[in-house]
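Structural description and commentary
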Amino acid sequence: MRVTMVVDGVSYTDEVEPRTLLVQHLREKLGKTGTVVGCDTGNCGACTVHVDGHSVKSCSMLAAQADGCEITTIEGLARDGKLHPVQQAFHDNHALQCGFCTPGMIMQAIDLLADDPDPDERTVRHGLEGNLCRCTGYQNIVRAVQDAAHRLKPAAEADRERETVAGGE
């Protein structure tokens, strides 16, 4: 079957088998190997990507279900050679050890921060509970998400200010 999707800002049209998982299509056909295969059951969250702006475990979604969707992978976050603020916060806070879970954690954290731009520790832990890390105790991951929230605040405040000015004209 033929599917068309925008992945990291580039439109792709491909033939896929109806049973092809989105994670397989991203990795094997499009070369997006930053999206890792962890458990193949949707339990670990290592394969998390954004589909139309929301986090999805790509091992639990068929490529055919993504037809017409916009997908962002870990490779699509950096702009002009600069890491996304959540990526940078993970780096600066040493929120990784082996790195296997990191792409999925970052993608989930971005979705969490879109819903709650100033989460407390409990909210972060709850928001990430579908993403497993077998190496760390999560302390640095939680710290990184809260740091990223602070890094993202100035941009969010500037967006709100522009909306207010535009709405008042």
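It should be emphasised that the depicted structure is a prediction, and the values quoted were computed from it without experimental measurement. Each chain carries its own residue numbering, running from 1 in the written order of its sequence. Totals for whole chains, interfaces and linings use all residues, but because this is a predicted model, local features are given only for residues with pLDDT of at least 70 and pairs of side-chain atoms are given and counted only at 80 or more. To get the side-chain values, all heavy atoms of the structure are used, and hydrogens and water are removed first.

1. Structural notes on the domain arrangement of the chain
On domain assignment, one finds that the chain holds domain 1 (2-76) and domain 2 (85-166). Boundaries of every domain are those given by an automatic assignment or by a domain database. The C-alpha-based centres of domain 1 and domain 2 are spaced at 21 Å. At the junction of the two partners, domain 1 supplies 18 residues and domain 2 supplies 13 residues. Two parts lose some accessible area (1.4 Å probe) when they are put together, and adding that loss for both gives the buried area. Contact between domain 1 and domain 2 buries roughly 1200 Å² in total, counting both sides, with carbon and sulfur atoms accounting for 57%. The term salt bridge refers to a side-chain nitrogen of Lys or Arg lying within 4 Å of a carboxyl oxygen of Asp or Glu. The tally of links from domain 1 across to domain 2 stands at zero salt bridges. Whenever a nitrogen or oxygen atom comes within 3.5 Å of another N or O atom, the pair is scored as a polar contact, on the condition that within protein one atom can donate a hydrogen and the other can accept it, and that pairs from neighbouring residues in sequence are kept only if both atoms are in side chains. If you look at where domain 1 meets domain 2, you find seven residue pairs in polar contact (both at pLDDT 80 or more). Where the side of domain 1 that touches domain 2 is concerned, the elements lending two or more residues are β3 (48-51) and β4 (54-57). Classification used: nonpolar for Ala, Val, Leu, Ile, Met, Phe, Trp, Tyr, Cys and Pro, charged for Asp, Glu, Lys and Arg, polar for all others including Gly. For the side of domain 1 that touches domain 2, the class distribution of residues is six nonpolar, eleven polar and one charged. Here, residues are in contact when the closest pair of their heavy atoms is within 4.5 Å. A helix here means a DSSP run of H or I that spans at least four residues, while a strand means a run of E at least two residues long, and both kinds are numbered starting from the N terminus.

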